[in-house]
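Here is what each chain is made of, one letter per residue.
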Amino acid sequence: MPLVSQQYPFVSDYLAALNGVIDKALEQYSRVFAFRCDLRVPGCIDAAPDTFKNDVMSRFIESLKAKIKHNRRVAVKEGGYVHDTKVRYFWVREVGDQGRVHYHVVILLNGHAFNWLGAYGSSGGNMANRVCEAWSSALGLSVEDGRSSVHFPESPSYTLTHGDSQSKDAFFQRASYLCKVATKHHGYGHHGYGASRG
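Residues numbered from 1 in each chain as written. Predicted model: local features only at pLDDT ≥ 70, side-chain atom pairs only at ≥ 80, totals over all residues. Heavy atoms only, no water.

Student: For this particular structure, what's the right way to read the overall build of the protein chain?
Tutor: Regarding its fold elements, the protein chain presents five helices and six strands. Along the protein chain, helices (α) and strands (β) appear in the sequence α-β-α-β-β-α-α-β-β-α-β when read from the amino end. In terms of overall dimensions, the protein chain is globule-like: its C-alpha atoms have a radius of gyration of 17 Å, near the 16 Å expected for 198 residues. Overall size of the protein chain, expressed as C-alpha extent along the three principal axes, is 50 × 40 × 30 Å. The buried share among the 198 residues of the protein chain stands at 50%. Counting only contacts in the protein chain whose residues sit at least 6 apart along the sequence, the fraction spanning at least 24 positions is 76%. For the protein chain, the accessible area works out to roughly 9,800 Å², and carbon and sulfur atoms hold 48% of it. (Helix = DSSP H or I, 4+ residues; strand = E, 2+ residues; numbered from the N terminus. Rg over C-alpha atoms; globule rule 2.2 N^0.38 Å. Buried < 20%, exposed > 50% of the residue type's maximum accessible area, 1.4 Å probe, protein only. Contact = heavy atoms within 4.5 Å. Areas by Shrake-Rupley, 256 points an atom, 1.4 Å probe, with all protein chains shown as cover.)

Written out as structure tokens, the structure reads:
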């Protein structure tokens, strides 16, 4: 599999977990919508690596799942056939130069149900706003206070197609950045990554 840079050392267990999540999504759906985001912790919250717990990621994922499920229920009520989606994910915990925890995340969805993030910061129920709302909720902040802690990198989303190895390779290469050894901190009793199962 192609990696983002051969200059980095990578954590092989992380690469294997990421690959597994992508494969499961492509086994279930003929088209997969995948995107990357970075979740930071605002200065008003202590994000020291020895005390900041990954529970926040469980809350984020559960909140995002609930928002997506709500969107699908609303779409059903509006009539017509609606594609459902399982929410698959892979995240890593990192500690930056300032000694504060942050997370890099990839989310994978049924590409027939969702296919774009939407305009970041716009009004309306697009995927970018769901991510901001879910992260704010996980931190216990208002959306206004939490929104600036969510960052979408340039060209954050990809469409992967079942049977098209090039589309998978392109996304895996981009997402492999999450699996680099640099900025990973161990020994605090916190898991360095999390991934969906099934």
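Student: How should the pattern of salt bridges be read in this particular structure?
Tutor: For the structure on display, the rule yields six salt bridges. In this structure, the salt-bridge partner of Glu94 is Lys180, at a minimum N-O distance of 3.1 Å. In this pair, Glu94 is assigned in strand β2 (residues 88–95) and Lys180 in the loop between α5 (165–175) and β6 (193–195), connecting sequence segments 86 residues apart. The pair Glu94 / Lys180 is uniform in exposure class, with both members buried. The exposure class of Glu94 is buried, given its relative accessible area of 2%. Overlapping salt bridges bring together Glu94, Lys180 and Lys184 as one network. (Salt bridge = Lys/Arg side-chain N within 4 Å of Asp/Glu carboxyl O.)

Student: Even after reading the chapter, I still don't get the environment of Val143, so can you show me in this structure?
Tutor: Here Val143 shows up in helix α4 (residues 143–146). Relative accessible area serves as the criterion here: at 25%, Val143 is assigned to the partly exposed category. In this structure, the C-alpha to C-alpha distance between Val143 and Gln6, residues 137 residues apart in sequence, is 38 Å. Filtering out sequence-adjacent residues up to four positions away, Val143 remains in contact with Glu133 and Ser136.

Student: How should I be thinking about α5 in this particular structure?
Tutor: Residues spaced three or four apart along an α-helix face the same direction, because each turn holds 3.6 residues. For α5, every residue scored as buried is listed here: Ser167, Lys168, Phe171, Phe172, Arg174 and Ala175. Relative to the axis of α5, the buried residues are bounded by an arc of 160° and lie together on one face. Those residues of α5 that are buried lie in contact with α1 (12–28), β1 (31–39), β3 (101–110) and β5 (157–161). Two or three places before Gln166, at the opening of α5, Asp164 has a side-chain oxygen 3.1 Å from that residue's backbone nitrogen. (Arc of directions from axis to C-beta. Polar contact = N/O pair within 3.5 Å; in protein donor to acceptor, adjacent residues only side chain to side chain.)

Student: Where do I start with the packing of α1 against α5 in this structure?
Tutor: Geometry of a packed helix pair, given as the angle between the helix axes and the separation of the axes. One way to put it is that α1 packs onto α5 with a least axis distance of 11 Å and a crossing angle of 145°. α5 is crossed by α1, and the crossing has right-handed handedness. Note on element contacts: α5 touches α1 through Lys168, Phe171, Phe172 and Ala175, opposite Leu15, Leu18, Asn19, Ile22, Asp23 and Leu26. In the contact of α1 with α5, the residues fall into seven nonpolar, one polar and two charged. (Axes fitted to C-alpha atoms, helices over the stretch in contact; angles between N-to-C directions. Left-handed = near helix turned anticlockwise from the far one by under 90°. Nonpolar A, V, L, I, M, F, W, Y, C, P; charged D, E, K, R; others polar.)

Student: Would you mind showing me how to read the nonpolar core here?
Tutor: If you look at soluble globular proteins, the nonpolar side chains tend to sit buried side by side. Counting 36 residues, the largest nonpolar core has Leu39, Phe60, Tyr103 and Trp135 as its most contacted members. Elements with a contribution of two residues or more to this core: β1, α2 (55–77), β2, β3 and α3 (127–139). For this core, the element with the highest residue contribution is α3, accounting for eight residues. In contact with Tyr103, not counting residues within four places along its chain, are Cys37, Asp38, Leu39, Phe52, Lys53, Asn54, Val56, Met57, Trp91, Val92, Arg93 and Trp135. (Core = buried A, V, L, I, M, F, W, Y, C linked by side-chain atoms within 4.5 Å.)

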